[in-house]
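# Descriptive structure summary
Okay, here's what each chain looks like letter by letter:
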Amino acid sequence: MASRLQGTSIVLIGMMGCGKTTVGKYLAEALNYRFFDTDAVVESVAHKTIPEIFATDGEPGFRTVETQVLAELSAYTRLVIATGGGIVLARKNWSYLHHSVVVWLDVPVEHLYQRIKGDSNRPLLRSPNPQQTLHDLLEERRSLYAQADVRVVLQGDEPPEWVCDRVVQEIAQILNPVATEQPSAASHAPEFN
Ligand SMILES: Nc1ncnc2c1ncn2[C@@H]1O[C@H](COP(=O)(O)OP(=O)(O)O)[C@@H](O)[C@H]1O
Ligand SMILES: O=C(O)C1=C[C@@H](OP(=O)(O)O)[C@@H](O)[C@H](O)C1
Ligand SMILES: [Mg+2]
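Notes on the structure follow. (Residues numbered from 1 in each chain as written. Chains lettered and ligands numbered in written order. Predicted model: local features only at pLDDT ≥ 70, side-chain atom pairs only at ≥ 80, totals over all residues. Heavy atoms only, no water.)

## Description of the site of ligand 2
- If you check the shell around ligand 2, you find 14 residues, and the closest are Lys20, Asp39, Arg63, Arg122 and Arg141.
- Interatomic distance of 2.7 Å between a side-chain N/O atom of Asp39 and an oxygen atom of ligand 2.
- Here ligand 2, which alone exposes 390 Å², has 97% of that area covered by the protein.
- A majority-of-atoms criterion places ligand 2 in the largest pocket. (Near = heavy atom within 4 Å. Polar contact = N/O pair within 3.5 Å; in protein donor to acceptor, adjacent residues only side chain to side chain. Areas by Shrake-Rupley, 256 points an atom, 1.4 Å probe, with all protein chains shown as cover. 1 Å grid on protein atoms, 1.4 Å probe; cavity = no way out; pocket = protein on both sides within 12 Å on 5 of 7 lines; lining within 4 Å. Sits in = over half its atoms within 2 Å of the grid points.)

Here you go:
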């Protein structure tokens, strides 16, 4: 599988809590790629946590650094990049995202909420009704996430290792569709290169 990817980086998109950071680490290990999380890089560049950046510079300040970080990471191959859920919002970001295979982890809102309720590291969820906020954000962003190359629809109860395997299979399918369709067709399939 890794050889068929020809070094193309993989970028994970999706809502807060869908598992980009968690699954991304498994994926990087499985493919022997390096792992980066745009949120972690933003924090190290800014020398502040994400809640501190939102508090001092607002969401626009955070988004500016997020775009700079994505631009830099997109220049490299053989990376797995876990993004923040809002990376899809800026049109400019898509020119960078498309350097990689873009994978949307699509998890139902109820599971997102169960996973991240009470987590103080996500400033956008500091609202009177965080589950409703998650729902509203997903509706605002759904058509943007849908621009991914691969949509992995999940029920939300699958373990991260399973999600990782599923992502690998789905990427193989789009990069080498004939080879992954039927065992009998595989012998006639052109290798991806
Ligand atoms: N497949 C999964 N099943 C159960 N819990 C998960 C799964 N993936 C992630 N989590 C948990 O959900 C929370 C959010 O995961 P995270 O990877 O930080 O999501 P994201 O980076 O997309 O916001 C973490 O506590 C993580 O351990
Ligand atoms: O959805 C968003 O706009 C955000 C998602 C967060 O990352 P995760 O998706 O990893 O939680 C982080 O970038 C920031 O709090 C904003
Ligand atoms: Mg994350």
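Let us keep going from here.
## Focus on the packing of helix H6 (residues 109-116) against helix H7 (residues 130-145)
- In contact at an axis separation of 10 Å, H6 and H7 are set at 130° when each is read in the N-to-C sense. By the angle between their directions, the pair H6 and H7 is classed as oblique. Crossing geometry of H6 relative to H7 is assigned as right-handed. Contacts from Val109, Glu110, Leu112, Tyr113 and Ile116 in H6 reach Pro130, Gln131, Leu134, His135 and Leu138 in H7.
- Here the residues of the contact of H6 with H7 are counted per class, giving seven nonpolar, two polar and one charged. (Axes fitted to C-alpha atoms, helices over the stretch in contact; angles between N-to-C directions. Helix = DSSP H or I, 4+ residues; strand = E, 2+ residues; numbered from the N terminus. Parallel < 35°, antiparallel > 145°, perpendicular 65-115°, else oblique. Left-handed = near helix turned anticlockwise from the far one by under 90°. Contact = heavy atoms within 4.5 Å. Nonpolar A, V, L, I, M, F, W, Y, C, P; charged D, E, K, R; others polar.)

## Looking at the layout of surface pockets
- Taken as a whole, the largest pocket spans an internal volume of roughly 500 Å³.
- Forming the boundary of the largest pocket are 27 residues, of which Met16, Asp39, Ile50, Asn121 and Arg122 lie nearest the centre.
- Those elements that place two or more of their residues in the lining of the largest pocket are helix H2 (20-31), helix H3 (38-46), helix H4 (50-73) and H6.
- Take the lining of the largest pocket: its biggest share by element is six residues, from H4. (Points joined across faces, edges and corners; volume = space filled by probe spheres on them.)

## A few points about the pairing of strand S3 (residues 79-82)
- By the alternation rule, side chains of S3 split into Leu79 and Ile81 and Val80 and Ala82, which are all buried.
- Examined bridge by bridge, strand S1 (residues 10-13) and S3 share three bridges and lie parallel to one another. Pairing of Ile10 across the sheet is with Val80, part of S3.
- Sheet topology note: the strand S2 (residues 34-37)/S3 ladder contains four bridges and is parallel. Across the sheet, the residue bridging to Arg34 is Leu79, located in S3. (Buried < 20%, exposed > 50% of the residue type's maximum accessible area, 1.4 Å probe, protein only. Pairing = 2+ DSSP bridges.)

## Considerations on the site of ligand 1
- Around ligand 1, a shell composed of 14 residues is seen, among which Gly17, Lys20, Thr21, Thr22 and Glu158 lie nearest.
- With respect to ligand 1, the side chain of Arg115 contributes an N or O atom lying 3.5 Å from a nitrogen atom.
- Alone, ligand 1 offers 550 Å² of accessible surface; in the complex the protein occludes 71% of this.
- Its atoms largely coinciding with the cavity grid, ligand 1 occupies the largest pocket.

## Considering the environment of Pro159
- Within the secondary structure layout, Pro159 lies in the loop between strand S5 (150-153) and helix H8 (160-175).
- For the pair Pro159 and Val23, spaced 136 residues apart in sequence, the C-alpha separation works out to 9.2 Å.

## So, the nonpolar core
- Within the largest apolar cluster, 53 residues are counted, with the highest numbers of intra-cluster contacts made by Ile13, Leu27, Val103, Leu105, Leu134 and Val167.
- Considering every element that reaches this core, the biggest residue donor is H4, with eight residues.
- Setting aside residues up to four positions removed in sequence, Ile13 forms contacts with Cys18, Lys20, Thr83, Ile87, Val88, Trp94, Val102, Val103, Trp104, Leu105, Tyr145 and Ala148. (Core = buried A, V, L, I, M, F, W, Y, C linked by side-chain atoms within 4.5 Å.)

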